Amino acid sequence: MLLEIEQLHLSFVAGDTPAHILTGIDVDVAPGELIGLVGESGSGKSTTVRAALRLYGDEAEISGRILLDGVDMVQADATEQRRVRASSVALVQQDPRAALNPVRRIGDSLAERLVKVHGMRRAEADERILTLLTEVGLTHPERRMRQYPHELSGGMLQRVVIAGALSTDPKLILADEATSALDVTTQAEIIAMFQRQIRERGLGMLFITHDLHLAGAICDRIHVLQRGEIVETLQRPGLFDAASHPYTRTLIESAPALARKGRS
Amino acid sequence: MTALILPRLQSKRRRSTALGTWVSAAFLALVTGAALLGPVLAPYDADEIDFAAIWAGPGGGHLLGTDQLGRDLFSRLLIGAGETLIGPVLLLVLATVLGVTIGVVAAWRGGWVDTLLARITDVMFAFPGLLFVVLVIAVFGKGPVTAIVALALAYAPVIAKYTRSLALSEIARPYVDAYRVQGIGGLGICLRAIVPNLLPALVGYLVVLFGEALMSLATLSFLGFGAQPPSSEWGLMVQEGQAGIIQGHFLPTLIPGAAIALVVIAVNIIGVRVADRLLAKG
Amino acid sequence: MVRALRRVGGMLLTLVIASFIIFAAMYAAPGDPVTFLIGNPENLTPERIASVRAQYHLDEPLLAQYWHWASGVVTGDFGRSFQYHQPVGDILAARVPITLSLVAYASILFAIGGIGLGVLAAVRRGKPTDTAIVGGTTLAASIPSFVLGIALVALFAVQLRWFPVAGAGSGGAERVWALTLPALTLAIGALAIVSRVTRQSMIEQFSSEHVEAARATGLAERFVVRDHVLRGSWGPIITMVALVIASMIAGTVAVETVFGISGVGSLLVDAINTHDFPVVQSVLLFMVIAYMVVTTVVDLLLPVLDPRINRTAVSA
C-alpha cells in the first residue's frame, strides 16, 4: 500500500472550541490505482490530503493512522515527515497559478526541490526538468524554463506543476482538484496524461474532485465525503448503480446527461 | 507623518491588554491631575533660582534634585505638565476644526473644492516629517504659538483627508435624502447629522494622533522652536538639562524625557484599545 | 517606460511646486532681509541698502526672484549665506556627506534589525516571541528620538565611555564609531514600522498556495521561509524601508542637534535661529528633493523585484 489512512480524525483548535473537520476517514491507495475522493466544497477532501502530508501546524489536532509509503505520518517527527514528502509523494493543487511562486522563473521553481532537497547538481536538474516538460506535452521547454508563471496559460502551468510533481519520481500523487480550473479539452488532455503516468510508472493516485461523474469515468474506487465523513464507497464494477446513500444520489442526479454516460 | 499602523490584538492578549489600559489610564489621570493642580502642589516656584543648590541630587529638600540654575526639578515637572499637555490638545482642536470643515465640504461639494484638497495634501506630503512645520517657523519666527499653529496646519490636511473618506460613505446613506426632502439645507444636514455621526471614528483617530502631536511639539521645543525660557515645558527642560549630561548630571534631562515618553506610551496603549473597540463596533 | 516617464514627470512637477512654496515663504517672511544682510545698523545708508537690494535682486517681483533663485539652484548656485558670507553650495558640500553617512548607517541598522525582527515574529506568529517583538518595538517607537538619543549618550558615552559624547569623528573607522549612537537612535524608532510590515507581509505569504506547495515537496522550513515566504514579501518591505529612509533625512534635524553633529539637520536649526534664509531654503529644498528622489527611485525599481508589476502598472 502506498497510502493507508485509518480512522483519521482532525479538529482545528481556534479559540476555545475545537471544530471537528474529519471523522473516521479510511482511504487506501495501492500502486497503479486511481482512487477518487469526492464531495462538495467544505466536505473535507482537501483537508484529508493536507492532513496526510502533515501540512498543518499546531492549529490542527490529528488522531488515527496515516501510513505514507510505510511511514506513520502521525507518529513521525518533522524530519521524517519532510523525508516522506520529499521522496514518496507529490501534491498537485487546483490553481497552478497560485501553486507556483509568482516572482520566480519556472525553471528555478522546478529545479529548487531537486537541488535543495535531493542534492542534485543544477545542470543535472535542468536536464531532467527539460525531459519532463517535453513529456507532459509542453512546446519550447527551454523557453518555458526562463519564463515567469504569469506568461503562461492555466493549462500550460498545470503541465508545469505536474512535471514538477513527477521530477522526484514519487510513488503517489495527491491531485487536489487538479483539473477543475481547466477548460474541458485541457482537462481531458491532463487526465489522459495522468492515466498514462499511472500505467507507465505504476504510480498510485488519490484524485480529489467535486465532480462525481469525472471521478466515475476514471477512478477504480470512489469515496464520497460529506461533512468530514465518508458516507459511501463505490466500487467497480457497478460503481454508480450500487449507490444507495441519498447524498450520493443527489450528486449523481445533479448532471443527468453525464450520469447516463457514467453508468454505461 | 506616518500614521501609526495599529497592531491587531489577539484574544489571548486580552487580559494583559486590559491591565495595560488600566495602568495607562491611571498614569494619564495622574499626569492630568498634575497639569491642573501643578502650580498648587509644587513645593517651589518653577523659576526660583538657587545658585547654592546647582545640580543638586535627589533628596535633601529637592525630591528629584535641581538643574543648572538650582531650580527644583520636581516643581518644574509639575508646573510644566500643563503646558506640555495643553499644547497638543490645542493644536488638535485647531487642526480638527479646520480639517473637519474642509473634509466635509470637500465630500459634500466635490468638484474643485475636492480637487484643491487633493492637491494641497499632495504638496504637503512632499515635505517629509516636520519640514513643513519648520518652514512655517522659519518664516514667522519661533515660539509656542507659531509651533502649535504650524503643527495644526500640518495635521489639518491629514484630518481632512480622513474626514472626507468617512463623510463620503455617510453622505451616500438614505437619511441624507430624507433630510433633503424635508427641505433642510446642506449646512443643516452637515451640522445636524453628518458631523455628529463621524465623531466616534474621528475621536479614535485623534487619540492616535495625540501621541504623535505631543512628540512633535516636544521635539520642536527641544530644538528651541516651541516653548521659550523660562517655561518648564518638558521638551525645553530636556534641552536645558542636556548641558549637565557631560558632567554626569543625568536627571535634569532624563526625567522630563522619560515623562514625555511615558505619556506617549500610555496614550498609544489607550489609542490601540479605542481603535480596537471601534473596529469591533464595525 | 511610459509609466517611468510619467512618474518622473509627476515628481518634477511636485518639486517645482514645493520649491516655489519654500521660496515664496521666505519672501513673505516679515522683516526686511536687507537688515540681516548688512548686519551692523550703522551701515544702513540708503546707498548701501540700494546696492544690496540690487545685488540680491530684492527689488524685483516675486516670480522674477524665484526665477533667479531656481535657475541658480539648477546650475549649482544656491546663493550666499547671510550668516557665513560664503556660497551656500560650499556649506552644503561640507555637510551633506556627514548627514548621508548617518542616514546610510542608520538605514543598514534598521533594515537588518527591522526585517530580522519581522521575520522572527512572522515565523513565531501568535507565540510569546511575536508578542514581545511587536510590543517592544511599538514601545520603542513611542520614545521621541531626542529623548532616546540623550539616554543613549548618558549611558554609553558618559557613564560607560564607549562612544564619544558629541561630534561625527574625523573620518574612516573613527567616523563610523562616532556615528554609532546617532545611527542607533534613528534606527530604533524605525524598527516598529519595518518589522510590522515585514511580519504582516510574510504572514499573508505563509497562507499562500505556493508556500504550501513548496512545503509539500519536503523543502526544509528555512528554505521555505527564505525562498518562498520572504521572497514573495519583498514588495511591501522594500517600499516601507525606502519610505523610512526618505523621511529619515528630515529626521536628522533632532538627532544631529542632540549629538552635536555638523550635518545639514543641525545646519537647518542654526540657519533658522540666525534668519539665514538662503541656507534655510537650500536645506529644505535638499531634504524635499532627497525624499522625493528616494521614493521615486524605489517606485521605479520595484518591477525588477516583482516581474508581475511590469504589466499591471502600479503607481503611488
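Residues numbered from 1 in each chain as written. Chains lettered and ligands numbered in written order. Predicted model: local features only at pLDDT ≥ 70, side-chain atom pairs only at ≥ 80, totals over all residues.

Please set out the overall build of chain A residue by residue, giving values where relevant.
What chain A contains, in helices and strands, is 11 helices and 10 strands. Against the compact-globule benchmark of 18 Å for 264 residues, chain A has a radius of gyration of 19 Å, which places it among compact chains. Within the span of chain A, comprising 264 residues, buried residues form 43% of the whole. (Helix = DSSP H or I, 4+ residues; strand = E, 2+ residues; numbered from the N terminus. Rg over C-alpha atoms; globule rule 2.2 N^0.38 Å. Buried ≥ 20, exposed ≤ 12 C-beta atoms within 10 Å, placed from the backbone.)

Mind laying out the overall build of chain C, listing which residues take part and the relevant values?
Per the secondary structure count, chain C includes 12 helices and 0 strands. Listing the helices and strands of chain C from first to last along the sequence gives α-α-α-α-α-α-α-α-α-α-α-α. Overall size of chain C, expressed as C-alpha extent along the three principal axes, is 85 × 55 × 35 Å. A buried classification covers 42% of the 316 residues belonging to chain C. Restricting the contact set of chain C to residue pairs at least 6 apart, pairs at least 24 apart contribute 71%. (Contact = placed C-beta atoms within 7 Å.)

Could you give an account of the interface of chain C and chain B, naming the residues involved and the relevant values?
Contact with chain C, which involves 44 residues of that partner, is made by 39 residues of chain B. For the side of chain C that touches chain B, the elements supplying multiple residues, two or more each, are α1 (2-28), α6 (128-141), α7 (145-159), α8 (172-206), α10 (221-259), α11 (264-273) and α12 (277-305) of chain C. Broken down by element, the residue count for the side of chain C that touches chain B peaks at 8 residues, all from α1 of chain C.

Give me the sheet that holds strand β9 (residues 221-226) of chain A: which residues, what numbers.
Residue and element names in this part refer to chain A. The 6 strands lie next to each other as β6-β7-β8-β3-β9-β10, forming an open sheet whose pairing is mixed. Of all the strands in the sheet, the pair left with one neighbour each is β6 (89-92) and β10 (229-235). In this sheet, neighbouring strand axes are inclined to one another by 15 degrees on average, regardless of whether the strands run parallel or antiparallel. Looking at chain direction, β9 and β10 are connected through 6 bridges and run antiparallel. Within the sheet, the bridge partner assigned to I222 lies in β10 and is L234. (Pairing = 2+ DSSP bridges. Axes fitted to C-alpha atoms, helices over the stretch in contact; angles between N-to-C directions.)

Report on the packing of α1 of chain C against α12 of chain C, specifying residues and quantitative values.
Residues and elements named next belong to chain C. Between α1 and α12, whose axes approach to 10 Å, the crossing angle comes to 165 degrees. In terms of orientation, α1 and α12 fall into the roughly antiparallel class. When you trace α1 past α12, the crossing you get is right-handed. Mapping the contact onto sequence places A4, R7, V8, M11, T14, L15, A18, S19, I22, F23 and M26 in α1 and F277, V280, Q281, L284, L285, V288, I289, M292, T296, D299 and L300 in α12. Of the residues contributing to the contact of α1 with α12, the split by class is 16 nonpolar, 4 polar and 2 charged. (Parallel < 35°, antiparallel > 145°, perpendicular 65-115°, else oblique. Left-handed = near helix turned anticlockwise from the far one by under 90°. Nonpolar A, V, L, I, M, F, W, Y, C, P; charged D, E, K, R; others polar.)

Give me the lowdown on the nonpolar core, citing residues and values where you can.
In terms of nonpolar packing, the biggest core is built from 247 residues, with L206 of chain A together with L151 and Y155 of chain B touching the most fellow members. For this core, the leading source of residues is α10 of chain C, giving 18 residues. Residues contacting L151 of chain B, with those up to four places away along its chain left out, are L91, V133, A213, S216 and L217 of chain B. (Core = buried A, V, L, I, M, F, W, Y, C linked by C-beta atoms within 7 Å.)

Describe in detail helix α1 (residues 45-52) of chain A, supporting the description with residues and values.
Residues and elements named next belong to chain A. α1 sits mainly inside the fold: 6 of its 8 residues count as buried. Every buried residue of α1 is accounted for by K45, T47, T48, V49, A51 and A52. Following α1 by one or two positions, R54 adopts a phi angle in the positive range, close to 55 degrees.

I'd love a proper account of the confidence of the model for chain A, names of residues and values included.
Residues and elements named next belong to chain A. On average, residues of chain A carry a pLDDT of 86, and 95% of them reach 70 or more. For chain A, per-element mean pLDDT is lowest for helix α11 (residues 256-263), which scores 47, and highest for strand β8 (residues 204-209), which scores 93. pLDDT under 50 marks residues 258-264. Its contacts with residues more than four places away, or in other chains, come to 11 contacts. (pLDDT = per-residue confidence, 0-100.)

With reference to specific residues and values, describe the environment of L187 of chain B.
In this fold, L187 of chain B is placed in helix α7 (residues 186-222). A sequence separation of 82 residues divides L187 of chain B from V105 of chain B, and the C-alpha atoms of the two residues are 9.3 Å apart.

Can you break down the environment of I86 of chain B residue by residue, with the values?
All names here are of chain B. By the secondary structure assignment, I86 is in helix α2 (residues 73-109). Given 14 C-beta atoms within 10 Å, I86 falls into the partly exposed group. C-alpha of I86 to C-alpha of G141: the two residues are 55 residues apart in sequence and 21 Å apart in space.

Help me get a handle on the environment of P46 of chain C, residues and values and all.
Inspection of the secondary structure puts P46 of chain C in helix α3 (residues 46-55). By the C-beta count within 10 Å, which is 7 here, P46 of chain C ends up exposed.

Describe the pairing of strand β3 (residues 34-38) of chain A, naming the residues involved and giving the relevant values.
Burial runs high along β3 of chain A: 5 of the 5 residues are buried. Alternating residues of β3 of chain A divide into L34, G36 and V38 of chain A and I35 and L37 of chain A, and every residue in both groups is buried.

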